[in-house]
Amino acid sequence: VANTDVGSSIKILTDSSQTVECTSSGNPSPATSDFTWRMGTSEMSTGSVLNWQGGIKVGDEDSYTCTVETTLTPSDQSKDAKVATNPPELPTLHWDSSSGPVIDGPLTLVVQRLFTLACVASSKPPANYTWTGGVNVVHGQLLQDTLTAKVNTTRTCTARNILNPTVGAARAMSSSATITLNINYPPESVSIRHESVSGTVIQSEFRVIEGNSTKLYCTVQSQPASSFRWSGADIHSLDPPKLHTITRRNALEGNIVLIQCLFTAGNPITTRSTFTRAVDGTSWSGDSHTFQSIHREDAGLYRCTVENSMDPTGAEIQTGNDTADFEINAHPDLQNIRVTLDGISLDSYMEIQVPDNPGFAAAVTYEARTATQETSEYDALNAENDRPDKSHVYMSVVDSTSTPSPHYENSKTEDPVYNNTMLQNSVQTVL
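Residues numbered from 1 in each chain as written. Predicted model: local features only at pLDDT ≥ 70, side-chain atom pairs only at ≥ 80, totals over all residues. Heavy atoms only, no water.

Under the annotation held in an unreviewed UniProt entry, the chain carries the name Ig-like domain-containing protein and is attributed to Mya arenaria. Quoted verbatim from the Subcellular location (unreviewed entry) field of the UniProt record, the comment on the chain reads "Membrane". (UniProt positions renumbered as here; feature names shortened; annotations may be inferred.)

S.K.: Please provide a residue-by-residue account of the overall build of the chain, values included.
M.R.: Along the chain, the regular secondary structure elements total two helices and 31 strands. Summarising the internal contacts of the chain: among those between residues at least 6 apart in sequence, 62% fall at separations of at least 24. If you sum the accessible surface of the chain, you get close to 27400 Å²; carbon and sulfur atoms cover 48% of it. (Helix = DSSP H or I, 4+ residues; strand = E, 2+ residues; numbered from the N terminus. Contact = heavy atoms within 4.5 Å. Areas by Shrake-Rupley, 256 points an atom, 1.4 Å probe, with all protein chains shown as cover.)

S.K.: Lay out the state of the cysteines in plain terms, naming residues and giving numbers.
M.R.: What the rule picks out here adds up to three disulfides. With its sulfur 1.9 Å from that of its partner, cysteine 119 forms a disulfide with cysteine 157. Across the disulfide from cysteine 119 to cysteine 157, rotation about the S-S bond amounts to roughly -95°, and the bridge is consequently left-handed. Within this pair, whereas cysteine 119 is found in strand 10 (residues 114-120), its partner cysteine 157 is found in strand 14 (residues 153-163), the two being separated by 38 residues in sequence. Comparing cysteine 119 with cysteine 157, the two get one shared label, buried. With a sulfur-sulfur separation of 1.2 Å, cysteine 261 is cross-linked through a disulfide to cysteine 304. A residue pair is termed long-range when its members are at least 10 positions apart, and cysteine 261 in the loop between strand 22 (257-260) and strand 23 (263-264) and cysteine 304 in strand 27 (residues 300-310) qualify at 43 residues. Listing the disulfide partners of the chain by sequence rank of the bonded cysteines yields 1-2, 3-4, 5-6. (Disulfide = S-S within 2.5 Å. Buried < 20%, exposed > 50% of the residue type's maximum accessible area, 1.4 Å probe, protein only.)

S.K.: Go over the packing of aromatic side chains, please, and point to the residues and values.
M.R.: Under the criterion given, the structure shown has six aromatic pairs. Ring centres of tryptophan 284 and tyrosine 302 lie 6.3 Å apart, and the angle between their planes is 25°; this geometry places the pair in the stacked category. With tryptophan 284 in strand 25 (residues 283-285) and tyrosine 302 in strand 27, the pair connects residues that are 18 residues apart, well separated along the chain. Summarising the burial analysis for this pair, tryptophan 284 and tyrosine 302 share the class buried. For the pair tyrosine 302 and phenylalanine 326, a centre-to-centre distance of 6.0 Å together with 20° between the ring planes defines the contact as stacked. (Phe/Tyr/Trp six-rings, centres within 6.5 Å; stacked < 30°, edge-to-face > 60°.)

S.K.: Break down the pairing of strand 28 (residues 318-331) for me, with residues and values.
M.R.: Where strand 21 (residues 249-252) lies against strand 28, four bridges are found, and the strand directions are parallel. Bridge assignment links alanine 251 to a residue of strand 28, and that residue is alanine 330. (Pairing = 2+ DSSP bridges.)

S.K.: Account for the pattern of salt bridges, naming residues and giving values.
M.R.: Applying the stated rule across the entire model yields 10 salt bridges. The closest approach of N and O atoms between lysine 150 and glutamate 188, which form a salt bridge, is 3.6 Å. Within this pair, whereas lysine 150 is found in the loop between strand 13 (142-146) and strand 14, its partner glutamate 188 is found in strand 15 (residues 171-194), the two being separated by 38 residues in sequence. Judged by its relative accessible area of 37%, lysine 150 is partly exposed. Classification of glutamate 188 by relative accessible area gives partly exposed; the value is 26%. (Salt bridge = Lys/Arg side-chain N within 4 Å of Asp/Glu carboxyl O.)

S.K.: Explain the pairing of strand 11 (residues 128-132) to me, using residue names and the numbers behind them.
M.R.: Side chains of strand 11 alternate between two faces, with Tyr129 and Trp131 buried and Asn128, Thr130 and Thr132 left unburied. Bridging between strand 11 and strand 14 involves five bridges; their strand directions are antiparallel. Bridging from a neighbouring strand, threonine 130 pairs with threonine 158 of strand 14.

S.K.: Please provide a residue-by-residue account of the nonpolar core, values included.
M.R.: One broad trend across soluble globular proteins is that nonpolar side chains are buried collectively. Core analysis: the biggest nonpolar cluster contains 21 residues, and Leu93, Leu107, Leu117, Trp131, Ile179 and Leu181 have the highest contact counts within it. At the level of secondary structure, the elements contributing two or more residues to this core comprise strand 9 (107-110), strand 10, strand 11, strand 14 and strand 15. Residues in contact with tryptophan 131, not counting those within four places in the same chain, are Leu93, Leu117, Ala118, Cys119, Val138, Gly140, Gln141, Leu142, Leu143, Arg155, Thr156 and Cys157. Leu243, Cys261, Cys304 and Ala324 belong to the second largest nonpolar core, which has 17 residues in total. (Core = buried A, V, L, I, M, F, W, Y, C linked by side-chain atoms within 4.5 Å.)

S.K.: Quick one: what's the story with the sheet that holds strand 21, residue by residue and with numbers?
M.R.: In space, the five strands of this open sheet follow the order 21-28-27-24-25, with mixed pairing throughout. The outermost strands of the open sheet, each flanked by one partner alone, are strand 21 and strand 25. With strand direction ignored, the average angle separating the axes of adjacent strands in the sheet is 25°. Across three bridges, strand 24 (residues 272-277) lies against strand 25 in antiparallel orientation. The residue of strand 25 that forms the bridge with threonine 276 is serine 283. (Axes fitted to C-alpha atoms, helices over the stretch in contact; angles between N-to-C directions.)

S.K.: Pulling in residues and values, what's your account of the environment of histidine 295?
M.R.: Note on placement: histidine 295 falls in the loop between strand 26 (288-291) and strand 27. Its relative accessible area of 37% is what places histidine 295 among the partly exposed residues. Taking the C-alpha atoms as reference points, histidine 295 and glycine 254, 41 residues apart in sequence, are found 6.2 Å from one another. When neighbours within four sequence positions are excluded, histidine 295 is seen to be in contact with Glu253 and Ala330.

S.K.: Any details on unusual backbone geometry? Residues and values, ideally.
M.R.: Following lysine 124, the chain continues into proline 125 via a peptide bond in cis, with omega recorded as 0°. Assignment of secondary structure puts proline 125 in the loop between strand 10 and strand 11. Omega for the peptide link from glutamine 223 to proline 224 comes to 5°, which places this bond in the cis form. Relative to the helices and strands, proline 224 is located in the loop between strand 18 (216-223) and strand 19 (235-238). Positive phi is not limited to glycine here, since serine 189 has a value of about 55°. One can find serine 189 in strand 15.

Next comes the structure, spelled out in structure tokens:
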């Protein structure tokens with residue numbers, strides 16, 4: 001082979017165009033036409049050179065015989081030409097073992113579960129195997145692995161051998177196969193969001209204003225995609241406080257008056273209360289207010305307002321409120337009324353008879369004053385000269401039988417109203 005004596009065994013690379021030449025010496029020397037090549041019992045060619053059309057193949061491996069025939073008895077020598085090497089073919093991948101099912105396409109696996117793959121490739125000499133991708137344990141052709149990441153990945157098997165032909169340099173040969181691993185994992189990182197799949201995450205509770213519409217979205221990571229089912233949720237309805245009915249307040253001037261804003265708390269229960277007087281806008285904070293001494297100018301229309309702050313999830317804080325208007329009336333205290341007639345104070349009940357006289361004029365005025373201690377008719381008579389305005393209607397009695405005294409002792413035995421009254425006008429009548 002290539003002018004090299006190869007002995008009885010020949011190694012030739014697959015697809016090589018290498019030829020094998022048979023030589024023989026004799027007397028006479030053999031001619032080229034004296035040579036015949038046979039594979040087994042089949043004649044392959046005549047001539048001293050053996051070649052393979054299109055290059056030598058794996059199936060051409062066999063024992064070949066070169067025969068030389070001359071007119072004399074030639075020497076007879078046989079040589080075997082063997083195709084002894086071939087690189088690894090494209091590996092096939094098997095599930096669980098080298099004899100397990102062949103994997104034809106992408107493989108779907110569950111995260112955190114151990115699996116085994118086997119790699120098989122025909123070659124001569126037999127190939128060595130390596131795996132790439134992931135963290136794994138390799139036992140020759142077998143890969144034992146566990147997927148930890150929740151992303152699809154690949155694994156690649158490579159079969160390698162070294163070809164050492166009889167003639168020529170050694171060559172490292174390899175062939176690889178890659179499989180795609182699709183990862184499945186159960187639902188995790190579940191969250192509930194407000195208004196959209198990218199909205200505000202609801203951490204512990206969901207607050208919504210009573211009567212408002214809302215949307216909740218459930219998001220989750222899983223492979224394959226999860227199906228969803230809703231059950232009870234921690235939803236808090238927010239609502240404003242509600243006022244109770246407030247009725248009109250009627251009070252006497254000078255009295256203590258308490259007004260209250262009674263209400264049913266909303267959610268949240270923290271409530272702010274305010275009273276406002278309509279006439280001048282004066283306001284007081286708190287759910288009650290006390291007038292220590294009500295006055296006529298305090299009468300009028302008032303408004304009670306109750307408020308709370310509602311903080312719905314994923315929205316701006318809103319103020320919830322309720323208002324109610326009510327009236328306060330302040331009446332004069334009739335027990336403290338002073339009645340005067342033509343400038344004369346009338347401390348007793350009197351009936352005034354007005355005749356049919358167009359020239360007569362009687363003026364009655366009312367004046368609020370502090371109540372005074374009641375006195376008897378006798379005390380009034382004795383106080384005749386003590387009155388600063390001298391407006392009393394009583395006169396001292398002129399009687400020869402009376403005993404002069406500054407205290408009018410005679411009046412004790414007489415009726416002071418009828419006997420000690422001077423009519424100012426002929427049309428006046430004393431009852």
